[in-house]
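The chain contents come next:
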Amino acid sequence: MNVREAVLTVDETQTSFLEQGPSLIERAARTAAAAAADADGVDRDARFPHKAFEIAREQKLLGVMIPVEYGGFGASIHDVTDICYTLGRACASTAMIYAMHQTKVACIVRHGHGIPWMETMMRRVARDQWLLASSTTEGQNGGNIRASAAAVDHAGDTVSLVRDATVISYGAEADGLVTIARRATNAAASDQVLLALAKDDYSLKQTQGWETLGMRGTCSTGFELKVDCPADRVFPEAYDKIHAQTMTPFAHLCWSSAWAGIAAAAVTRAQAFIRKAARTSGGQMPPAAAHFTAAKMSLAKLRALISANIDAFSRAEHDERALSSLDFQSSITLLKVQASELAVETVMHAMRTAGLSGYRNDGEFTMGRHLRDVLSSPIMINNDRILANAATSTLMSGVPASLRD
C-alpha cells in the first residue's frame, strides 16, 4: 500500500474511530490544561514537562497521525498543527516537543509503508504512545542538516553509527529516536539516509547541558550518540527526498503553529490587561493600547501565513512533483523565517501593551516566559542561514502575475 492509498483508507475510517471517544480538540484541551498548570515550574527548573506528556499519553495524542490500520487516529496536518497551536498557548516547551515528535512520526508514516520495522514503529507509537526524539544537529555544522559528518557503517545485517549530537531535544526522555547520517563511510556529506531507532538500538552519553534563556523544558542537551542495530532501521528512500517532501514541511508547519500559540497566549494576557485597565479608569484606554492593536494585527498575519501554507501542503502532500517544485520549496522554507519573526513581533507588542505589568516576572499579566521562549524561534535553524541558502532559489522563482497565483 502506498502513502496515498493509506490516506484514503484513513479518510474512510477516521470519523467512526474518533466517535468512540473525545474529539482531538477535547484531547488537546485536556493536555493543554495540564501543560499550563505546570508551565512555570517547567521553565523555572528547566525540566521535561512530565505532567503534560502523562496526560498526552492518556489522551493518545502522540499517535494521532498514525494511520487507523496501525492503531492511530489518522489525523491530518490541519489536526496536528491545531494541537501544536493549542499546546503553544499553554506551555511553549510542551508544544515544541510535541511538534518535533510529530515531525518524526510524519517521516515514518509517509515513507515507512511496506517496511516491516517502520510499520512496527507506527504500531508502537500508537499503542504504547512512544515519544520520538530527533538528532539532526551535529558537531560544528549548526543547523545545516543537509550535510552529515557521521556515517553509517554496514556489517552484514547490522549497522553502526557514532554521532557527535550537539543537540538532542528531550533525548533522555524519548522512547525512540530519528537521526540522519551519511549513507556509508565513503559517501559525500550530502548523501544521507534517515534512521528510525528504538531505545534499545542506541546509547546516549551526555556531553553538554541545557541552561538557556527560553524553551528550557525541551531539555535539548548534547550527547554522543552510539547506534548498533539491525540494518532495517535505515529508510531505503534517500534522505534528500524525505527532507523535501516531509521533514521540512512538517517541521516548519508544526514549529510555526507552536510559535503562533505562544504569541496568542501573550495577546490574550495583553487583552486582559487592557480590559482591566479600562474598567478601573472609567473606560479610558491605557497609553499603550495602540500596541495591542498592533499585536492583534501581527497575530492575524501570522495565523493567515501558517494557514495558507498548511492548505498548500495539504493540496500537494501526495504529489511528489508539486512538493519538489521551486515555488513550494521556497514558500515552505521561508515560512519558518516569516513565522518566527512575526511571533517575536507579536509578543513584543503584547508586552509593551501591558508595560511594567508584562515585564514583571510575577503577576497575572507577566509575559517574560513567553518572550524568552519565542526568542528561540529565529535562532532554531538560524534565519540568517535559511535566507542565505534561499537566495538563489528565490531569485529563480517567478513573481506572481495575480493575487491568486
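Residues numbered from 1 in each chain as written. Predicted model: local features only at pLDDT ≥ 70, side-chain atom pairs only at ≥ 80, totals over all residues. Heavy atoms only, no water.

1. Digging into the overall build of the protein chain
For the protein chain, the helix and strand inventory stands at 13 helices and 7 strands. Compactness check: the protein chain gives a C-alpha radius of gyration of 21 Å against a globular reference of 22 Å for 405 residues, within 12% of the reference. Judged by the C-alpha coordinates and their principal axes, the protein chain covers about 80 × 50 × 50 Å. Taking all 405 residues of the protein chain together, 55% fall into the buried category. Put simply, of all contacts in the protein chain between residues at least 6 apart along the chain, 76% involve residues at least 24 apart. Approximately 17700 Å² of the protein chain is accessible, and the part contributed by carbon and sulfur atoms is 53%. Here the protein chain carries 40 positive and 43 negative side-chain charges, and the mean point of each set is 7 Å from the other. (Helix = DSSP H or I, 4+ residues; strand = E, 2+ residues; numbered from the N terminus. Rg over C-alpha atoms; globule rule 2.2 N^0.38 Å. Buried < 20%, exposed > 50% of the residue type's maximum accessible area, 1.4 Å probe, protein only. Contact = heavy atoms within 4.5 Å. Areas by Shrake-Rupley, 256 points an atom, 1.4 Å probe, with all protein chains shown as cover. Lys, Arg positive; Asp, Glu negative; His and termini not counted. Charge placed at Lys NZ, Arg CZ, Asp CG, Glu CD.)

2. Observations regarding the pairing of strand E1 (residues 132–135)
Both faces of E1 are covered, namely the face carrying Leu 132 and Ser 134 and the face carrying Ala 133 and Ser 135. Taken together, the 4 bridges between E1 and strand E4 (residues 176–182) define a ladder with parallel strand orientation. When the bridges of E4 are listed, Ser 134 appears paired with Val 178. (Pairing = 2+ DSSP bridges.)

3. Things to note about the packing of aromatic side chains
All told, the structure shown has 5 aromatic pairs when counted by the stated rule. Between Phe 250 and Phe 313 the ring centres are 5.3 Å apart and the planes differ by 85°, which places this aromatic pair in the edge-to-face class. Of this pair, Phe 250 sits in helix H7 (residues 239–280) while Phe 313 sits in helix H8 (residues 289–316), placing them 63 residues apart in sequence. Across the pair, exposure class does not vary: Phe 250 and Phe 313 are buried alike. (Phe/Tyr/Trp six-rings, centres within 6.5 Å; stacked < 30°, edge-to-face > 60°.)

4. Digging into the UniProt feature "domain: Acyl-CoA dehydrogenase/oxidase C-terminal" (unreviewed entry) in the protein chain
Here the UniProt feature "domain: Acyl-CoA dehydrogenase/oxidase C-terminal" (unreviewed entry) sits at residues 254–380. Counted over residues 254–380, helix gives 79% and strand 0%. Its end C-alpha atoms are 13 Å apart. (UniProt positions renumbered as here; feature names shortened; annotations may be inferred.)

5. Some remarks on the pairing of strand E5 (residues 192–198)
Of all 7 residues in E5, 7 are buried, a share of seventy percent or more. Covered by surrounding structure in E5 are Gln 192, Leu 194, Ala 196 and Ala 198 together with Val 193, Leu 195 and Leu 197, the residues of both alternating faces. One ladder, built from 7 bridges, connects E4 with E5; its direction is antiparallel. Within E5, the residue paired with Arg 182 across the bridge is Gln 192.

6. Remarks on unusual backbone geometry
One non-glycine residue, Lys 60, lies in positive phi territory at about 60°. Residue placement: Lys 60 occurs in the loop between helix H3 (50–58) and helix H4 (77–88). Notably, Ile 381 is not glycine yet its phi reads approximately 60°, a positive angle. By the element assignment, Ile 381 lies in the loop between helix H12 (368–374) and helix H13 (383–396).

7. With respect to the side chain of Asn 309
Tracing the chain through its elements places Asn 309 in helix H8. A relative accessible area of 6% means that Asn 309 is categorised as buried. For Asn 309, the side chain forms a polar contact with the main-chain oxygen of Leu 305, separated by 2.9 Å. Asn 309 has contacts with Leu 253, Ser 331, Ile 332 and Leu 335, leaving out every residue within four places of it along the chain. (Polar contact = N/O pair within 3.5 Å; in protein donor to acceptor, adjacent residues only side chain to side chain.)

8. Quick word on H3
All of the buried residues in H3 are Ala 52, Phe 53 and Ala 56. Relative to the axis of H3, the buried residues are bounded by an arc of 90° and lie together on one face. Exposed and oriented more than 90 degrees from the buried face of H3 are Lys 51 and Glu 58. On its buried side, H3 packs onto helix H2 (24–45) and helix H5 (92–111). A positive backbone phi angle near 60° is found at Lys 60, which sits one or two residues after H3. (Arc of directions from axis to C-beta.)

9. A word on the pattern of salt bridges
With the rule as written, the count across this model stands at 19 salt bridges. Glu 237 is the salt-bridge partner of Lys 241, the closest N and O atoms lying 3.1 Å from each other. For Glu 237, a relative accessible area of 22% puts it in the partly exposed group. Several salt bridges converge on common partners, so that one network encompasses Asp 38, Arg 44, Asp 45 and Arg 47. (Salt bridge = Lys/Arg side-chain N within 4 Å of Asp/Glu carboxyl O.)

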